[in-house]
Amino acid sequence: MRKSVQGEEVMEQSVGALVTQAARKFGDKTALIVDGKTWSFRQLDQLSSALAGSLRARGVGKDSVVALYSPNCAQWVIAYYAVMKLGAVVSPLNLMLTASEAAYAIRDCKAVAVLGTLGKLVPLRNEMGAARVKLVSFTGGGAEIENFSDLLESEPGAVFPVEGIGIDDLSTIGYTSGTTGHPKGAMLSHRSILLNTAMTSTFHVRTEHDVVVSALPCSHVYGNIVMNSAIACGMTLVLHAVFDAKAILSSIEKYRATLFEGVPTMYLYLLSSPELGEYDVSSLTRCTVGGQTMSAYKMKEVESRLGVPLLELWGMTELGGLGATHPLYGPRRHGSIGVPLPFMQARIASLESREGALPAGEVGELQMKGPLAMQGYFGQPEATSEAIDRDGWLRTGDLAYVDDDGFIFVVDRLKDMVITGGFNIYPAELERVLCEHPAVAMAAVVGIPDETKGELAKAFVVLKSHAEADVEGLLEFCRQRLAAYKVPRLIEVVDDLPKTSSGKILRRALREKVAADSQPS
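These figures come from a predicted structure and were not determined experimentally. (Residues numbered from 1 in each chain as written. Predicted model: local features only at pLDDT ≥ 70, side-chain atom pairs only at ≥ 80, totals over all residues. Heavy atoms only, no water.)

## Details of the side chain of Asn72
Its place among the elements puts Asn72 in the loop between strand S5 (65–69) and helix H3 (74–85). A polar side-chain atom of Asn72 sits 2.9 Å from the main-chain carbonyl oxygen of Leu216. Here His240 takes part through its backbone oxygen, which lies 3.0 Å from a polar atom of the side chain of Asn72. The residues contacting Asn72, other than those within four sequence positions of it, are Ala215, Leu216, Pro217, Cys218, Leu239, His240 and Ala241. (Helix = DSSP H or I, 4+ residues; strand = E, 2+ residues; numbered from the N terminus. Polar contact = N/O pair within 3.5 Å; in protein donor to acceptor, adjacent residues only side chain to side chain. Contact = heavy atoms within 4.5 Å.)

Below, the structure is given as structure tokens:
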């Protein structure tokens, strides 16, 4: 935020200006902590401007696309704001992408440069072949790869952000997970990112007195908003490259964190951690959870163990972050994603017509409309028309309903719904019930083919440390709590579940496992 001439708070014109204004306001206050090393707001601003100057000298200018391809680190944060200060466009790549998948996205968005770790860039260089782009490594240089540290030389007289960046200019091309076919690049304006940051910060009451611990990837929209809100509000961000329960608890205690943000699996790991009671987490004032549905039972357990409210939120790449959440001060409903962010509209549309608004209590597709929504999919007008209707409503692909008070409840992903014998089964509902079993740490449910019923529900269950449970006992637990057609027909106890880089359970990988297991040997 910055002050206008009249003294009113107005939104910045560009994402890159967030760090510049934060440096002016918060100066030498610690902005970022990674592996025990600290950076102040002033340092992040100076380093990102220095990098912006070097990138400009190498031909990166307004509207150029630059991809970032690395785990969480200070260099990622610096590079992000450097690109934004140039009026260029950031394409944050999922760390789990293979070299060939990353190369597809880089070619698709016509990126002119890629900044990341050497271990990612070397395979990418080989994959790109003759169609190479400028490569800059955060972790030392190599053949045809520049060293990031060599680019941190200020350009004399340069002022960043550059002039001429419009709030509705393209800021980000964020690629979807690509569960079917190739991923699509969602185009997001500076307005989308800035407004999402401002409204999220307002709802959660984020201030300069906060210290936030996060292992959410900065390349993911949830982690990106965590990072941007920390910078915008003057918070201290303690950033982890990977989630480790003990390391997270240690950071909360050491830095007296007031806020932890994560996906449901992170909280489930914390609840299962024998070290949870050994660390002082009394500094926490609230936590947020998003990315997937979480059972009300587990949410209450988190709140009881951590002693703070757990604010559920919901978002997607096509919104540049959150679309709905609970306010810190106000009513909350466990199991609900809350209410739409200010300036956004939400409706539950019929699955048949995909239009109109269903009455409270009826399940349909959640749709969103407003300034947070993407401009479209890069270079894919047909996919854009399919995702956004003529009135501007964005199809989310989530099944949901609203209650009489306007709270939104996500039932499941439309593509994950299991249809057995003509009945709709929502895997998330089965997962919530299984997670209420005292021996269960995590659960995931997918549909498997069946000649008679069409599909059957199969559950994969991870037990808590040292806990015991047999399959028949788990099935009986479900029978007591679910209609007969909803009870999973198969349960498999596994050591762990496949997850995305942000920690969300990857049902697609489980479906692929089922398909592979069913193949004749």
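Picking up after the structure, the text goes on.
## Structural notes on the pattern of salt bridges
Applying the stated criterion across every chain yields a total of 27 salt bridges. Measuring nitrogen to oxygen at the nearest pair gives 3.6 Å for the salt bridge that ties Lys62 to Asp63. According to the relative accessible area criterion, Lys62 is partly exposed, its value standing at 36%. On the accessibility criterion, Asp63 (47% relative accessible area) is partly exposed. One salt-bridge network, held together by shared partners, links Asp412, Asp416, Glu431, Arg507 and Arg511. (Salt bridge = Lys/Arg side-chain N within 4 Å of Asp/Glu carboxyl O. Buried < 20%, exposed > 50% of the residue type's maximum accessible area, 1.4 Å probe, protein only.)

## What about the packing of aromatic side chains?
On inspection of all chains with the given rule, the structure shows seven aromatic pairs. The interplanar angle of 40° and the centroid separation of 5.4 Å between the aromatic rings of Phe26 and Phe41 together place this pair among those described as tilted. On the criterion of sequence distance, the pair formed by Phe26 in helix H1 (residues 17–26) and Phe41 in helix H2 (residues 41–57) is long-range, its members being 15 residues apart. Phe41 shares its class with Phe26; the two are buried. For the ring pair Tyr80 and Tyr81, a centre distance of 5.1 Å and an interplane angle of 85° mean the geometry is edge-to-face. For Tyr80, a relative accessible area of 1% corresponds to the buried category. Residue classification places Tyr81 among the buried residues on the basis of a relative accessible area of 1%. The rings of Trp76, Tyr80 and Tyr81 are connected pair by pair, giving a single aromatic cluster. Lys184 extends its terminal NZ or CZ atom over the ring of Tyr377, reaching a point 5.1 Å from the ring centre. In this structure, Arg481 is placed above the aromatic ring of Phe477, and the distance from its NZ or CZ to the ring centre is 3.5 Å. (Phe/Tyr/Trp six-rings, centres within 6.5 Å; stacked < 30°, edge-to-face > 60°. Lys NZ or Arg CZ within 6 Å of the ring centre and 35° of its normal.)

## Side note on the pairing of strand S8 (residues 134–137)
Walk down a regular strand and you will see the side chains alternate between the two sheet faces. As judged from the four bridges shared by strand S7 (residues 113–116) and S8, these two strands associate in the parallel manner. Bridging across to S8, Val114 finds its partner in Leu135. Where S8 meets strand S9 (residues 146–147), two bridges bridge the pair, whose relative direction is parallel. Following the sheet pairing, Val136 is matched in S9 by Glu146. (Pairing = 2+ DSSP bridges.)

## Considering the sheet that holds strand S4 (residues 37–40)
In space, the nine strands of this open sheet follow the order S4-S3-S13-S12-S14-S15-S16-S17-S18, with mixed pairing throughout. The open sheet has two edge strands with one neighbour each: S4 and strand S18 (339–340). Across four bridges, strand S14 (residues 259–262) lies against strand S15 (residues 286–289) in parallel orientation. Directly across from Glu261, in S15, lies its bridge partner Thr288. Together, strand S12 (211–214), strand S13 (236–239) and S14 form the strand contacts of helix H8 (residues 245–254), whose direction differs from that of S12 by roughly 175°. (Axes fitted to C-alpha atoms, helices over the stretch in contact; angles between N-to-C directions.)

## Here's the deal with the pairing of S15
Across the two faces of S15 the burial is the same, with Arg286 and Thr288 and Cys287 and Val289 all buried. Assessed by its sense of winding, the connection that carries the chain from S14 through helix H9 (residues 264–272) to S15 is right-handed. Strand direction decides the pairing type here: S15 and strand S16 (residues 310–316), joined by three bridges, are parallel. Within S16, the position partnered with Cys287 by the bridge is Leu310. (Right-handed = clockwise from strand over helix to strand, strands pointing away.)

## Quick notes on the packing of H1 against H2
Two numbers describe how H1 lies on H2: the axes approach to 8 Å, and their chain directions differ by 145°. You can see that H1 and H2 cross each other, and the crossing is left-handed. Of the residues in H2, those touching H1 at Val19, Thr20, Ala22, Ala23 and Phe26 are Phe41, Arg42, Leu44, Asp45 and Ser48. Residue composition of the contact of H1 with H2, by class: six nonpolar, two polar and two charged. (Left-handed = near helix turned anticlockwise from the far one by under 90°. Nonpolar A, V, L, I, M, F, W, Y, C, P; charged D, E, K, R; others polar.)

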